[in-house]
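Geometric and topological summary
For reference, the chains in residue letters:
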Amino acid sequence: MKPLRVLYLHMIGPFGGASRSLFEAVRAFPPGEVEATFVTQRGTVRDFFSRIGRVIEARGLTQFDNTRYSYYRGMRWLVLLRELAYLPPTVWALRRARQLCGEVDLIHLNEFTGLLVLRLARRWFDAPPAVVHVRSVARDDARSWRTRWVNRMLARDAKAVVAIDENVRASLPRQLPVQVIHNAFTPNAAGPADVAFEGRLSALRPESFKVGFVGNLLLVKGIHEFVEAARITRDRGLDVEFIVVGDDAQPSRGLKARVLKRLGLRQNVRAEVEAALDQYVLRDRVHLAGFTADISRAYRHMDVLCFPSHYDAPGRPIFEAAFFGIPSIVAVRDPKPDTLVHGETGLAIAPRSALELADAIARMAADRGATRRMGEAARAMAQRNFDVTRNAASLLQLYRQLTSVQR
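Described below are features of the structure shown in this document.

What counts and what doesn't
- Residues numbered from 1 in each chain as written.
- Predicted model: local features only at pLDDT ≥ 70, side-chain atom pairs only at ≥ 80, totals over all residues.
- Heavy atoms only, no water.
- Helix = DSSP H or I, 4+ residues; strand = E, 2+ residues; numbered from the N terminus.
- Contact = heavy atoms within 4.5 Å.
- Polar contact = N/O pair within 3.5 Å; in protein donor to acceptor, adjacent residues only side chain to side chain.
- Buried < 20%, exposed > 50% of the residue type's maximum accessible area, 1.4 Å probe, protein only.
- Expected span 1.5 Å × (residues − 1).
- Pairing = 2+ DSSP bridges.
- Axes fitted to C-alpha atoms, helices over the stretch in contact; angles between N-to-C directions.
- 1 Å grid on protein atoms, 1.4 Å probe; cavity = no way out; pocket = protein on both sides within 12 Å on 5 of 7 lines; lining within 4 Å.
- Points joined across faces, edges and corners; volume = space filled by probe spheres on them.
- Nonpolar A, V, L, I, M, F, W, Y, C, P; charged D, E, K, R; others polar.
- Left-handed = near helix turned anticlockwise from the far one by under 90°.
- Right-handed = clockwise from strand over helix to strand, strands pointing away.

**Looking at the environment of T233**
Tracing the sequence through the fold places T233 in helix α9 (residues 223–235). For the pair T233 and A358, spaced 125 residues apart in sequence, the C-alpha separation works out to 6.2 Å. If we ignore the near neighbours within four places in the chain, the residues touching T233 are L238, V240, F242, A358 and I361.

**Considering the side chain of H310**
With respect to the element layout, H310 can be found in the loop between β11 (304–307) and α13 (316–322). Within the local environment of H310, its side chain forms a polar contact with the side chain of E225, the two groups lying 3.0 Å apart. With residues near it in sequence (within four places) discarded, H310 still touches Y69, L219, V220, G222, E225 and R352.

**Structural notes on the side chain of T147**
With respect to the helices and strands, the residue T147 is situated in helix α6 (residues 145–157). Judged by its relative accessible area of 3%, T147 is buried. A distance of 3.1 Å separates the side chain of T147 from the side chain of N66, its partner in a polar contact. When near neighbours in sequence (up to four residues on either side) are disregarded, T147 contacts N66, R139, D140 and D141.

**Section: α9**
For α9, which comprises 13 residues, the first-to-last C-alpha distance of 19 Å matches the rise-based estimate of 18 Å (1.5 Å per residue) to within 8%. Among all positions of α9, only I223, E225, F226, V227, E228, A229, A230, I232 and T233 are buried. Each element contacted by the buried residues of α9 is listed here: β8 (209–214), β9 (240–245), α11 (270–280), β10 (286–288), β11 and α14 (354–366). Directly after α9, the chain includes G237, whose backbone phi takes a positive value near 80°.

**Observations concerning the sheet that holds strand β5 (residues 130–134)**
Spatially, the seven strands line up as an open sheet ordered β3-β2-β1-β4-β5-β6-β7, and their pairing is parallel. Looking along the sheet, the strands with just one partner apiece sit at the ends: β3 (54–58) and β7 (178–180). Taking each pair of neighbouring strands and ignoring which way they run, the sheet shows an average axis angle of 20°. Note that strand β1 (residues 4–10) and strand β2 (residues 34–41) share seven bridges and pair parallel. Across the sheet, H10 pairs through a bridge with T40, a residue of β2. Relative to β3, helix α4 (residues 87–101) is tilted by about 160°, and along the sheet it contacts β1, β2 and β3. Across the sheet, helix α5 (residues 115–124) touches β1, β4 (106–109) and β5, and the angle it forms with β4 is around 170°.

**Focus: the sheet that holds β8**
Read across the sheet, six strands follow the order β10-β9-β8-β11-β12-β13 without closing on themselves; strand pairing throughout is parallel. The open sheet has two edge strands, β10 and β13 (346–349), and neither has a second partner. Strand-to-strand twist of the sheet, defined as the mean angle between neighbouring strand axes without regard to direction, takes the value 20°. Here β11 pairs with strand β12 (residues 328–331) via three bridges, running parallel. Within the sheet, the bridge partner assigned to L305 lies in β12 and is S328.

**Considering empty space enclosed by the protein**
Taking a probe equal in size to a water molecule and rolling it over the atoms shows the remaining empty space. What the rule picks out here adds up to two cavities of 30 Å³ or more. Along the walls of the largest cavity sit 16 residues, with S21, A25, H133, H182 and L395 positioned nearest its centre. Broken down by secondary-structure element, the contributors of at least two residues to the lining of the largest cavity are α1 (17–28) and α16 (388–406). Within this model, the second largest cavity holds a volume of roughly 30 Å³. In terms of lining residues, the second largest cavity is bounded by F64, F112, T113, L115, L116, W149, V150 and M153. Those elements that provide at least two residues to the lining of the second largest cavity are α5 and α6. By residue number, the principal contributor to the lining of the second largest cavity is α6, which donates three residues. Of the residues in the lining of the second largest cavity, the class split is seven nonpolar, one polar and no charged.

**Let's talk about the packing of α4 against α5**
In a packed pair of helices, the relevant descriptors are the angle between the two axes and the axis-to-axis distance. Their axes nearest at 10 Å, the elements α4 and α5 cross at an angle of 35°. As α4 packs across α5, the resulting crossing turns out to be right-handed. Residue-level inspection shows T90, V91, L94, R95 and R98 of α4 in contact with α5, the latter providing V117, L120, A121 and W124. Grouping the constituent residues of the contact of α4 with α5 by class yields six nonpolar, one polar and two charged.

**Quick look at the pairing of β11**
Covered by surrounding structure in β11 are V304 and C306 together with L305 and F307, the residues of both alternating faces. Where β8 and β11 come together, three bridges link them in parallel fashion. Its bridge partner lying in β11, F213 is registered against C306. Read as a crossover between parallel neighbours, the route from β11 over α13 to β12 is right-handed.

Geometry only, nothing functional implied.
Right under this line is the structure:
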């Protein structure tokens with residue numbers, strides 16, 4: 001049987017959680033099952049997607065953001081000017097995809113903010129069935145015309161909707177054909193050392209309690225709360241060190257960065273983080289390790305993982321860390337049992353609260369035996385829900401169901 005020809009639409013250029021999740025899933029498909037073509041925004045994702053398929057890069061891909069955290073209001077409406085400017089490169093990328101692929105059996109949109117691109121792609125490729133992956137908690141305000149419009153587009157263009165967890169599923173209309181397929185992770189065996197990364201962590205003290213942060217240095221990821229929690233624990237006299245694995249998704253210095261900051265639209269904040277570390281005299285406690293492709297090695301340095309994002313939802317680093325027996329402190333008000341059980345696999349705190357984060361860190365540092373037990377429970381949950389072979393098989397089965405109707 002010929003492989004399924006799948007066109008993947010990925011909206012973000014910097015390599016992060018959504019791109020890693022898609023990369024893990026496609027890489028886990030049995031050889032010869034899927035012929036993958038990726039249309040993506042230009043960025044570091046190319047280095048990964050090019051290992052598993054053809055990549056077509058565009059300067060930008062047009063999005064419409066109706067997620068619970070970053071839906072348009074106030075100055076954020078200015079973001080639509082950028083999305084309009086991305087229309088020409090979007091059309092160019094889809095045209096190039098049609099030239100290279102000819103026909104495709106299926107389109108997979110990797111985040112529902114790209115529904116406009118999906119609509120264009122389905123028209124360009126004569127309306128093949130589409131899977132829409134919903135990775136962010138959707139804005140579920142039924143009074144909003146934007147929410148109603150997005151839900152109508154989902155109902156019209158998506159033959160299947162995949163939610164990454166029950167938190168995301170709960171934000172979507174019940175009448176949509178939604179299937180929960182968790183993200184997955186392949187813990188790598190220790191390979192050649194990332195010498196530069198290890199060097200940046202060489203100052204870690206064996207006896208300290210080590211708290212990790214994994215992700216791009218963005219406001220929404222809660223990096224400021226993480227640094228503030230480091231200051232609070234230091235002032236309390238706790239022997240805690242902090243590891244930051246990640247960097248700016250884009251430069252945080254320069255004229256463009258200053259303009260976006262003034263408009264309240266800038267997310268990259270490494271320059272501000274470094275200034276705070278100097279102001280609070282935290283360089284000996286907060287270690288900026290930077291990006292590493294060997295994320296497994298990074299988790300082996302941690303006792304607990306913090307995910308203090310403003311999304312009010314669990315994130316990919318939680319279950320990645322869990323595979324190594326590391327519990328998490330997560331900024332989520334209503335954790336679902338498929339990702340976090342408060343007091344059993346980690347701790348849930350309120351978003352945007354550095355004080356609650358510091359209190360949770362202090363609790364885990366004070367009882368390392370309980371922390372290790374939470375880590376083992378988290379490992380069992382990860383092995384149940386986030387196994388890459390099983391979850392990739394579920395996604396591939398969905399592909400086959402959708403395409404068999406067309407054939």
